[in-house]
Amino acid sequence: MWSADEIVSLCCEHYSTKLPRKGMPESGREWTLLAAVVKIKAVPEEDSASSGERQKASKEVVALGTGTKCIGQSKMSKNGDVLNDSHAEVVARRGFLRYLCYQLLLAVRGEESSIFTPGAEKGKWRLKPGLSFVFFTSHTPCGDASIIPMMDREDQPCQPIRAEEPRLTAAPSTPRHGNDKDHMSESEPVAMDLRLKRKPEENNAGSSIKRIKTENSLSRSSFRAKEKGNRVSESQGDSSGQALQKEEATTSEQGPVLSGSASKSSLTAQAEVLDVHRTGAKCVPGGRQDPHQAGAQYHSVGQLRVKPGRGDRTLSLSCSDKMARWNVLGCQGALLMHYLQGPLYFSAVITGRCPYSDEAMRRALISRCSAVESLPPGFTVSSVELQQSQVEFIHSRRLLDENHDPSKGKVTPCGAAISWCAVPDQPLDVTANGSKQGVTKKALGTPQARSRICKVELFLQFRELVASTPEEQLPDSLREKDLKTYWDFKRAAVGYQQAWQALRQQVFEAWIRSPRELLQFE
């Protein structure tokens, strides 16, 4: 139906051709990250079968986000009017919530929703047949997914992960700078000198896409163990995948995961772990901490982590942790769960060209949650598809390093975050430091300074949805209850809260929860 390159190209094209320049990085000096949600609509079987081709699908970007920043705990607001986490993945997902809420509003008003159809329960809705959503991120999510083994062969360009290949991956090496902690690695790995420098490729004017040609099948992101290739084959199907997940869960706390429980000796002389790509996200208090030993034992893997911020510490969990949570609870959140027949899961997560390990991504997003049990009906640990593309985002850190203009100052992450979603009213939202970009200090704390994706704005959109729902169509979870605050409505989504409690108690015990006083706004 689609390929990873098609998804990434579509998102990059949308970014470069359909958005204004406001909030984008300054050329030659700044970089940022891109994430997006793409709606996939399958063409009816008879239409594609008659052509003799693979089943076709229409693809549409419905939410997009950029950003690398996160505010400290002291700047969080009890009114819910500050955007706490502006990492691209979080911005894109919050824009997706706006899109879902708008589509539900159309549905309850009796207008045509492009994605929802009535569910089996009163007041509930489900996705129309043939629809799914794919999540794209231009870089591996910060936190656990970015702790990637580095092998002794760091000279090969990054290749996409192919489903038909045995799955043992080794990370590529890419320049890191310790002072850019918001989303990228904390320190420069010792194996950096082993990377062969490549000349910058031609940059086609007006294009947001870089295609990287590979000349050697042994890539930095696709070292494979022969033993595992023989043991885990395509013919073994889902059962072998489940067994592999159990192996990964067992070994996730013992160090960098290389092919489940594969040891260094099983890698043969072809590749040896020298170090790991490092993340600036710190282990949460109360959980296992990083040993900070030399080389590959610098990090503990599989741990919950908080994002670094400028100044005081943040309460924002890493993007790896948040995406793992979405993969169990759904990406719709607690509020919209009132209106949905079941949770919405991304069918795939596509990563752009960057240092990448399929094993690390699988551990971070799926395997470490695989042991959770007794989830409410409809909830599960989703077997989300993981792929990597050869397409590189034009404003990536690596491309900026190759084309940096020293006269413009040092390389730095862009301070702004862009949110766009497919809604008719103010689809574009550009923020900086948690509020709308360009607002005066005098305006801070007023509705004019709010991001359209901050907590209180999303809550107001949800309240509009509730007010627009005819009494006879109101979901049972919202009937005859004294619900006033943001927390009241979240807590009333009983199934969602039960699933979240099971996940916390069994897997994410050290998860940092927002102070209750920050959730009591109306």
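Here the structure is shown first, and the text comes after it.
Residues numbered from 1 in each chain as written. Predicted model: local features only at pLDDT ≥ 70, side-chain atom pairs only at ≥ 80, totals over all residues. Heavy atoms only, no water.

Visitor: For this particular structure, what's the right way to read the overall build of the protein chain?
Guide: A count of helical and extended segments in the protein chain gives 12 helices and 20 strands. Within the protein chain, the fraction of its 522 residues that count as buried is 59%. Considering only contacts within the protein chain whose residues lie at least 6 apart along the sequence, 74% involve residues at least 24 apart. Of the roughly 21800 Å² that the protein chain leaves accessible, carbon and sulfur atoms contribute 47%. (Helix = DSSP H or I, 4+ residues; strand = E, 2+ residues; numbered from the N terminus. Buried < 20%, exposed > 50% of the residue type's maximum accessible area, 1.4 Å probe, protein only. Contact = heavy atoms within 4.5 Å. Areas by Shrake-Rupley, 256 points an atom, 1.4 Å probe, with all protein chains shown as cover.)

Visitor: Where do I start with the environment of Asp 425 in this structure?
Guide: For Asp 425, the position within the fold is in the loop between strand 18 (416-421) and strand 19 (428-432). Classification of Asp 425 as partly exposed rests on a relative accessible area of 43%. A sequence separation of 323 residues divides Asp 425 from Tyr 102, and the C-alpha atoms of the two residues are 9.8 Å apart. Among residues more than four places away in sequence, those in contact with Asp 425 are Arg 98 and Arg 452.

Visitor: I would appreciate a short explanation of the pattern of salt bridges in the present structure.
Guide: Side chains that differ in sign of charge can pair as their charged atoms come close. This model, assessed by the stated rule, comprises 23 salt bridges. Two residues, Arg 109 and Glu 464, come together in a salt bridge whose shortest N-O distance is 3.3 Å. With Arg 109 in the loop between helix 3 (88-108) and strand 6 (116-118) and Glu 464 in helix 10 (residues 455-468), this pair connects stretches of sequence that are 355 residues apart. Classification of Arg 109 by relative accessible area gives partly exposed; the value is 42%. (Salt bridge = Lys/Arg side-chain N within 4 Å of Asp/Glu carboxyl O.)

Visitor: Explanation requested: the packing of helix 3 against helix 6 (residues 319-329) in the structure shown.
Guide: Packed helices, taken two at a time, are described by their axes: the angle between them and the distance between them. In contact at an axis separation of 9 Å, helix 3 and helix 6 are set at 35° when each is read in the N-to-C sense. Facing helix 3, whose interface residues are Glu 89, Val 90 and Arg 93, helix 6 presents Cys 319, Lys 322, Met 323 and Trp 326. In the contact of helix 3 with helix 6, the residues fall into 4 nonpolar, no polar and 3 charged. (Axes fitted to C-alpha atoms, helices over the stretch in contact; angles between N-to-C directions. Nonpolar A, V, L, I, M, F, W, Y, C, P; charged D, E, K, R; others polar.)

Visitor: I tried to follow the nonpolar core on my own but got confused; where do I start?
Guide: In a soluble, globular protein the nonpolar side chains are often hidden away together inside. In terms of nonpolar packing, the biggest core is built from 90 residues, with Phe 96, Phe 133, Phe 135, Tyr 339, Phe 462 and Leu 465 touching the most fellow members. The element contributing the most residues to this core is helix 3, with 11 residues. Counting residues in hydrophobic clusters, the runner-up holds 29 residues, among them Leu 19, Ile 40, Val 134 and Cys 414. (Core = buried A, V, L, I, M, F, W, Y, C linked by side-chain atoms within 4.5 Å.)

Visitor: Help me understand unusual backbone geometry in this model?
Guide: Excluding glycine, most residues fall at negative phi; most peptide bonds, likewise, are trans. Despite not being glycine, His 292 has its phi angle at roughly 55°, a positive value. Inspection of the secondary structure assignment puts His 292 in the loop between strand 12 (282-283) and strand 13 (305-306). The phi dihedral of Ser 374 falls on the positive side, at around 60°, and the residue is not glycine. Looking at the element boundaries, Ser 374 is found in the loop between helix 8 (358-365) and strand 15 (385-388).

Visitor: Please explain the packing of aromatic side chains as it appears in this structure.
Guide: Each aromatic ring pair is summarised here by two numbers: the centre-to-centre distance and the angle between the ring planes. Tallied over the full model, the rule gives 16 aromatic pairs. A centroid spacing of 6.2 Å and a plane angle of 80° characterise the contact between Tyr 339 and Phe 462, whose relative ring orientation is edge-to-face. Of this pair, Tyr 339 sits in the loop between helix 7 (333-337) and strand 14 (348-351) while Phe 462 is found in helix 10, placing the two residues 123 residues apart along the sequence. Like Tyr 339, the residue Phe 462 is buried in the burial classification. (Phe/Tyr/Trp six-rings, centres within 6.5 Å; stacked < 30°, edge-to-face > 60°.)

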